[in-house]
Amino acid sequence: MHALDATGPNTAFTCACPRECSRPLDLLLLLFTSRCFLVVLSLFSRLAPSGRDACNPEADSSRFRYVFGSCVVGSRGSMSDEEDGPLVKKARVFYGSLEEKERERLSAESKPSPETGVQTGVQTGIQAGIQAGNINISSGETLEIEERVSERQHEVLLEFERRRRARQITVSTDDTEVKAGLRALGEPITVFGEGPADRRERLRSILSVVGPDALKKSRKDEDRVRRTHDECSQTWYHEGPAFLEQARLWLAHYSLPRAMKRLENARLQKDVTDATKAMKQQELHKGLRNLNNFCSQIGDDRPISFCHFSPDSKVLATASWSGLCKLWSVPDCNLIRTLRGHNTNVGAIVFRPKVVDSSDVSLASCAADGSVKLWNMESDEPVADIEGHTERVPRVAWHPSGRFLGTTCYDNSWRLWDLQVQEEILHQEGHSKEVHDIHFHPDGSLTATGGLDSFGRVWDLRTGRCVMFLEGHLREIYSVNFSPNGHHLATGSADNTCKVWELRNRRCLYTIPAHQNLLSAVRFQPTDGQFLLTGAYDNTAKVWTHPGWMPLKTLAGHEGKVMGLDVSADGKLIATCSYDRTFKLWMSE
């Protein structure tokens, strides 16, 4: 050990080691360090004198002993290694906020000095800064750091838990199934720049939040909705009255012989040579091209909505929006009788087939108020009313036997009435919207209906089943008509087209782009169906070949839309009625 004695800044330092020090560089370093230490010590003694040694800095500095390396530096005499110097008291370290200490310091500084009684410049500046708002002192508000930290930790834990659940969820690798799953959850099936792998991860992430059972639940809901829809779309049957069974048996016995007769006539026509058929067809087409208007009559003060020839082609019945129905002689167009009974727009009036006595029911009419009335040829008052409809009845049609009457209604149904028992024997539903038109098959076994749901249906009257569903029109169907050949059906729609359906293979045979506006009526020639007649809201009626569906003649002359038309039973006359309150008769020259 080396001990250096120093008595002051000018005192020489001597080595107190038992042996001579052979390291002059160490001595120089010790001398320089000791001198610097004495300067610092004297500075501290001058700045903070206290106690009994306040006036004796040498006494205060004599109490310090410092050890440098292996040498002990002392003041005023050498000190032994065994002597312990006084312990230096460590300053208190505060952990946390020093707000309270700062408050105490500011309050102490704000007090005036006891010597002068006035505040110092520093105190005055601090007070001015506080009043100006430049120095902000907390008013006791605390920030609950621990709660915020706990919330953040909770969010992090939830995110880790979500990722853990996502790793355990199994997602199909089929992109179609992934898209179906996203669609079932109400999410977009794809986003910009997303590939199949990204889409799969997005589905996995969504399932980790909503739970894997959400997809199963949505699929169950879809299956339940699909089953409910299938159940609603299925044709259902209910038990009918006893006279319905009797009527169906009667219809079967009536239709089968007529069907056999029709097939026999078809076989006979098959034996006719092609040259004979072509010659007859050319003569017919020539006559149709020469159709001209030879009679035009103002039928009412309101638009004429319907016209129909009698079975003997000698009388024409017209229906008007004024509520009046009128009978006209053919071909001179003289008024025979005015039928008064309806109070609102009359939708249709049709003659009953196979009427023997003029006192029997000969006509049936319907109106927008749901009323259906029966008429004879001897009175201008209705002989009977058919009650049961509460909505608009746009069309009525007679069964070929004359025993049954069919009516359509805007309550999405159609009904079949038996005049022999004077009862409603069938109330048939099946259309999703209003049913507008109805027509019976020439054999009497089938009936066709067209509705505003743009679909048509063919019903078997003997069983009550829907045997054919006519799907293809884009808008409402306003007219249906069977061909006399028994296997063709024409429908007119608001999509400006007329479709011809083949009943034997249940498909659409041909679509005729007939007019430039909605079709209000379609009619086949009632004898052998060799031409088709269409009327539309473009103020014209057109004649088309059958088969071939080529236009033969355009019947132009009405100033308003054509609302109805008919062909006489002998096929020689064509009648059209219009919104311009007139009806016209067309005949070949």
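Remember, it's a predicted structure, so these values are computed and weren't measured experimentally.

What counts and what doesn't
- Residue numbering note: each chain is counted from 1, following its sequence as written.
- This being a predicted model, a pLDDT of at least 70 is required before a residue's local features are given, and a value of 80 or more before pairs of side-chain atoms are given or counted; all residues contribute to the totals for chains, interfaces and linings.
- Values reported for side chains reflect all heavy atoms of the structure, with hydrogen atoms and water molecules removed beforehand.
- Strands are runs of DSSP state E lasting at least 2 residues, helices are runs of H or I lasting at least 4, and numbering of each runs from the N terminus.
- Polar contacts, as counted here, are pairs of nitrogen or oxygen atoms within 3.5 Å of one another; within protein the pair requires one atom able to donate a hydrogen and one able to accept it, and residues that are adjacent in sequence qualify only if both atoms are side-chain atoms.
- Contacts are assigned to residue pairs with any non-hydrogen atoms lying within 4.5 Å of each other.
- We treat two strands as partners when DSSP finds at least two bridges between them.
- For helices, the axis comes from a line fit to the C-alpha atoms of the stretch in contact; other axes are also lines fit to C-alpha atoms, and the angle between any two N-to-C directions lies between 0 and 180 degrees.
- The pairing test for Phe, Tyr and Trp rings, Trp by its six-membered ring, is centres within 6.5 Å, and the orientation test on the planes gives stacked under 30 degrees, edge-to-face over 60, and tilted for anything in between.
- Think of it in three bands: with a 1.4 Å probe and only protein chains considered, a residue is buried below 20% of the maximum accessible area for its type, exposed above 50%, and partly exposed in between.
- By definition, disulfides here are pairs of cysteine sulfur atoms that lie within 2.5 Å.
- UniProt positions are given in the numbering used here, feature names are shortened, and annotations may be inferred rather than shown by experiment.

Student: Whenever I open this one, the side chain of His342 confuses me. Can you help?
Tutor: With respect to the helices and strands, His342 occurs in the loop between β8 (335-340) and β9 (346-351). A distance of 2.7 Å separates the side chain of His342 from the side chain of Ser365, its partner in a polar contact. A distance of 3.2 Å separates polar atoms of two side chains, one belonging to His342 and the other to Ser371. Setting aside residues no more than four positions away along its own chain, His342 makes contact with Gly323, Ser365, Cys366, Ala367, Ser371, Lys373 and Trp375.

Student: Is there a simple way to explain the sheet that holds strand β11 (residues 372-375) in this structure?
Tutor: Judged by pairing direction, the sheet is antiparallel, and its four strands sit side by side in the order β9-β10-β11-β12 without closing on themselves. Lying at the two open borders of the sheet, with one neighbouring strand each, are β9 and β12 (384-386). On average, adjacent strands in this sheet sit at an angle of 20° to one another, irrespective of strand direction. Pairing between β11 and β12: three bridges, direction antiparallel. Counterpart to Lys373 in the pairing with β12 is Asp385.

Student: Can you help me understand the packing of aromatic side chains in this one?
Tutor: Any aromatic ring pair is given by two values, namely how distant the centres are and how the planes are angled relative to each other. Applying the stated criterion across every chain yields a total of seven aromatic pairs. With centroids separated by 6.0 Å and ring planes inclined at 55°, the aromatic side chains of Trp414 and Trp459 adopt a geometry described as tilted. A residue pair is termed long-range when its members are at least 10 positions apart, and Trp414 in strand β15 (residues 413-418) and Trp459 in strand β19 (residues 455-460) qualify at 45 residues. Given a relative accessible area of 1%, Trp414 falls into the buried group. Residue Trp459 is classed as buried on the basis of its relative accessible area of 2%. Centre to centre, the rings of Phe455 and Phe469 are 5.0 Å apart; their planes meet at 40°, and the pair counts as tilted. Taken together, the positions of Phe455 in strand β19 and Phe469 in strand β20 (residues 466-471) put the pair 14 residues apart, joining distant regions of the chain. We classify Phe469 as partly exposed; its relative accessible area is 36%.

Student: It is not clear to me how the state of the cysteines should be interpreted in this structure. Could you clarify?
Tutor: Where two cysteines share a covalent bond between their sulfur atoms, that bond is called a disulfide. Inspection of the entire model under this criterion finds one disulfide. In this model Cys325 remains outside any disulfide bridge; the closest cysteine sulfur is found in Cys366, 8.9 Å from its own. Overall, Cys325 belongs to the buried group, its relative accessible area being 0%.

Student: Is there a simple way to think about the UniProt feature "repeat: WD" (unreviewed entry) in the protein in this case?
Tutor: UniProt marks residues 339-385, 386-427, 428-469, 470-511, 512-544 and 555-589 with the feature "repeat: WD" (unreviewed entry), using the numbering shown here. Helix makes up 0% of residues 512-544 and strand 55%, whereas the separation of the span's terminal C-alpha atoms amounts to 9 Å.

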